Amino acid sequence: MREINASIPFDKKLWRHDIRASLAHVAMLADQGIVESEDATQIINGLNQIAQEYESDGVTEDLDLEDIHMHVEARLAEIIGPVAGRLHTARSRNDQVATDFRLWVRAAMDMVDGALAALQKALVDRAEEHADTIMPGFTHLQSAQPVSLGHHMMAYYEMIRRDRSRFADARKRMNESPLGAAALAGTGFPIDREKTASMLDFDNPTANSLDSVSDRDFALDYLMAATQCSLHLSRLAEEFVIWASQPFGFIKLPDSFSTGSSIMPQKRNPDAAELVRGHCGRIVGAMNALVITMKGLPLAYSKDMQDDKPPVFEAHDLLGLSIAAMTGMVAEVEFNGDRMRALAESGYSTATDFADWLVREAKLPFREAHHVTGSVVALAEEQNCGLADLTLDQFQAIDSRINADVFSVLSVDASVASRSSYGGTAPDQVRVQIAKARKTPGLES
Ligand code: ARG
């Protein structure tokens, strides 16, 4: 029982928040005349001493004391004697743990936001540097149309922008104080829940005591936002793994984020990127674990809910590492612009530009233009050359309406520059989005 019951090995992480919430609670109890002010002063001094002890020596674990709440209370009793017992007036560990954990998750959300802003800044910096660098854009991982590398980086900026907004959203929704819900039904003591809420920087107290002690939406919201974020990081990691492979040769990952092989001296393995990809699986697993823990729990508190913390703690550690590793890789990766351009130029990536030209300049219906383009590509394939290497005679043999102006749209630069619709890949459009990004919170320099 001792071992299955104890949560101290993991919930000791909550100690700062536990002490902070207790300080707010006892100050409120004193203000309301529920606890004598001399007793409250002793409790406050004792709690501050415990904070110093934990800060310098860490939390000593005693499985008999079950969790962090009992550890703090037991240590308080050692320091100030039986007065310590007054701290637990008008509360329960059920509202206490709900409060502590919310405070922890809120701080975690703020940390993630700061880390994601740093990642966005790295993406925007590299995007600016490479707004004019041309790479093949893919669909089905087949060369489709040439794009700006900066544009590709900014696609990830957008994903991270949504991630930050998801965390911000969750933070807004969760910022209510469960403290004072007590075990499940509220309390008969004349407590002031508005006061403890505001002391803990919550917007207001929660409105239903049963919901207060049984709600773990805030932890699930965190895990779901973390899942989505790590999915994005995993996609970028996967691109780096592919791009770093010899057949692609688009990038050289920095030494600081690669490893060698113990038997193949020529190897540079993209381990950090692979681990970001791998961590995504574990974060999804953590999210899944808590979803299933909560499924079907009757109101109000059940001990199953003690298992809420390990998945959140694990996901947070993994997400923090993943964001930091991706930020480092994005900031330091070496792009091989020549290689990207060479591949963009092969694979008939300007075929769509050619078809568009037929519609615009030679007035062909798009379907017919598509057909003519197919014949031109087939010819180029047969001649083993690029579209721009065909002669005007060869073009005109396929369709007499083609004239020499066509060559102006066959280069990858012309193709990229022409895609200037809002959100398109034209470097000037990319720079519009970069300028906008630089004004978002955390990115202003
Ligand atoms: N260690 C518990 C947890 O983390 C604290 C709440 C215990 N409440 C109870 N009624 N046993 O969930």
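Residues numbered from 1 in each chain as written. Predicted model: local features only at pLDDT ≥ 70, side-chain atom pairs only at ≥ 80, totals over all residues. Heavy atoms only, no water.

Some points on the overall build of the protein chain
The secondary structure content of the protein chain amounts to 18 helices and 6 strands. Its C-alpha atoms give the protein chain a radius of gyration of 30 Å, more than 25% over the compact-globule value 22 Å for 445 residues. For the protein chain, the spread of C-alpha atoms along the principal axes amounts to about 100 × 55 × 45 Å. Expressed as a percentage of its 445 residues, the buried residues of the protein chain come to 50%. In the protein chain, the proportion of contacts linking residues at least 24 apart, taken out of those at least 6 apart, comes to 75%. Per element, the accessible surface of the protein chain, about 20,400 Å² overall, is 52% carbon and sulfur. Taking the average place of the 43 positive charges on the side chains of the protein chain and the average place of its 64 negative ones, the gap between the two points comes to 2 Å. (Helix = DSSP H or I, 4+ residues; strand = E, 2+ residues; numbered from the N terminus. Rg over C-alpha atoms; globule rule 2.2 N^0.38 Å. Buried < 20%, exposed > 50% of the residue type's maximum accessible area, 1.4 Å probe, protein only. Contact = heavy atoms within 4.5 Å. Areas by Shrake-Rupley, 256 points an atom, 1.4 Å probe, with all protein chains shown as cover. Lys, Arg positive; Asp, Glu negative; His and termini not counted. Charge placed at Lys NZ, Arg CZ, Asp CG, Glu CD.)

Here's the deal with unusual backbone geometry
A cis amide bond links L299 with the next residue in sequence, A300, at an omega value of 0°. Topologically, A300 is positioned in the loop between helix 11 (271–294) and helix 12 (309–332). Of note, K363 is a non-glycine position whose phi angle comes to about 60°, a positive value. Of note in this structure, N384 is not a glycine but carries a positive phi near 55°. Locating N384 in the fold gives a position in the loop between helix 15 (366–383) and helix 16 (392–398). Note on N384: relative accessible area 71%, which makes it exposed.

Quick look at the pattern of salt bridges
Scanning all chains against the criterion turns up 35 salt bridges. Note that R166 and D163 form a salt bridge whose closest N and O atoms lie 3.2 Å from each other. Placement of both R166 and D163 in helix 7 (residues 149–174) is noted, with a separation of 3 residues, approximately one turn of the helix. Look at the salt bridges and you will find they share partners, linking E66, D67, R93 and K303 into a network. (Salt bridge = Lys/Arg side-chain N within 4 Å of Asp/Glu carboxyl O.)

Focus on the nonpolar core
Counting 96 residues, the largest nonpolar core has F167, Y222, F240, W243, L319 and M329 as the members making the most contacts within it. A per-element tally of this core places helix 10 (residues 217–244) first, with 14 residues. If we skip the residues at most four places from it in the chain, L319 touches V112, F167, Y222, A226, C229, S230, L233 and I283. Residues Y348, A351, F354 and L387 belong to the second largest nonpolar core, which totals 22 residues. (Core = buried A, V, L, I, M, F, W, Y, C linked by side-chain atoms within 4.5 Å.)

With respect to the site of the ligand
Near the ligand, the surroundings consist of S7, D67, H69, R93, N94, V97, Y301, K303, Q306 and K309. Here a nitrogen atom of the ligand sits 2.8 Å away from a polar atom, N or O, in the side chain of N94. Between the ligand and the protein, one listed contact pairs an oxygen atom with a side-chain N or O atom of K309 at 2.8 Å. Considered on its own, the ligand offers 340 Å² of accessible surface; in the complex 86% of this is hidden by protein. The element best represented in the shell around the ligand is helix 6 (residues 93–129), accounting for 3 residues. (Near = heavy atom within 4 Å. Polar contact = N/O pair within 3.5 Å; in protein donor to acceptor, adjacent residues only side chain to side chain.)

Focus on helix 11
For helix 11, spanning 24 residues, the distance from its first C-alpha to its last is 35 Å, which sits close to the expected 34 Å at 1.5 Å a residue. All of the buried residues in helix 11 are A272, A273, V276, H279, C280, I283, A286, M287, L290 and M294. Tucked inside the fold, the buried residues of helix 11 contact helix 9 (209–214), helix 10 and helix 12. Immediately beyond the C-terminal end of helix 11, within one or two residues, lies G296, with a positive phi of roughly 80°. (Expected span 1.5 Å × (residues − 1).)

As for the side chain of D39
Positionally, D39 belongs in helix 4 (residues 37–57). Look at D39 and you get buried, because its relative accessible area is 14%. A polar side-chain atom of D39 sits 3.1 Å from a polar atom in the side chain of R86. Ignoring any residue separated from it by four or fewer positions in sequence, one finds D39 in contact with V83 and R86.

Concerning the packing of helix 3 (residues 15–31) against helix 5 (residues 68–80)
Look at helix 3 against helix 5: their axes get within 10 Å of each other, and the N-to-C directions meet at 60°. Here helix 3 lies oblique to helix 5, going by the angle between them. Of the two elements, helix 3 crosses helix 5, and the hand of that crossing is right-handed. Counting all contacts with helix 3, which are made through W15, D18 and I19, the residues of helix 5 involved are I68, H69 and V72. For the contact of helix 3 with helix 5, the class distribution of residues is 4 nonpolar, 1 polar and 1 charged. (Axes fitted to C-alpha atoms, helices over the stretch in contact; angles between N-to-C directions. Parallel < 35°, antiparallel > 145°, perpendicular 65-115°, else oblique. Left-handed = near helix turned anticlockwise from the far one by under 90°. Nonpolar A, V, L, I, M, F, W, Y, C, P; charged D, E, K, R; others polar.)

Details of the environment of A185
Inspection of the secondary structure puts A185 in the loop between strand 3 (176–177) and helix 8 (193–199). Judged by its relative accessible area of 65%, A185 falls in the exposed class.

Looking at the state of the cysteines
Under the counting rule described, the total for this entry stands at 0 disulfides. The closest cysteine sulfur to the non-disulfide-bonded C229 is located on C280, 9.6 Å from its own sulfur. (Disulfide = S-S within 2.5 Å.)

Looking at the packing of aromatic side chains
Applying the stated rule across the entire model yields 11 aromatic pairs. Here the aromatic rings of W104 and F313 are separated by 4.7 Å at their centres, their planes lie at 65°, and the arrangement is edge-to-face. Pair noted here: W104 is in helix 6 and F313 is in helix 12, with a separation of 209 residues, a long-range link. The two residues W104 and F313 agree in class, both being buried. (Phe/Tyr/Trp six-rings, centres within 6.5 Å; stacked < 30°, edge-to-face > 60°.)

Considering a nonpolar patch on the surface
On the surface, a cluster of nonpolar side chains totalling about 270 Å² of accessible area is made up of L184, L210 and L299. Mapped onto the fold, L210 is located in helix 9. On the accessibility criterion, L210 (33% relative accessible area) is partly exposed. (Patch = residues over 30% accessible without salt bridge, like charges linked within 9 Å, V, L, I, M, F, W, Y side chains within 5 Å.)

Note that every value here comes from positions in space, so none of it alone points to a role or purpose.
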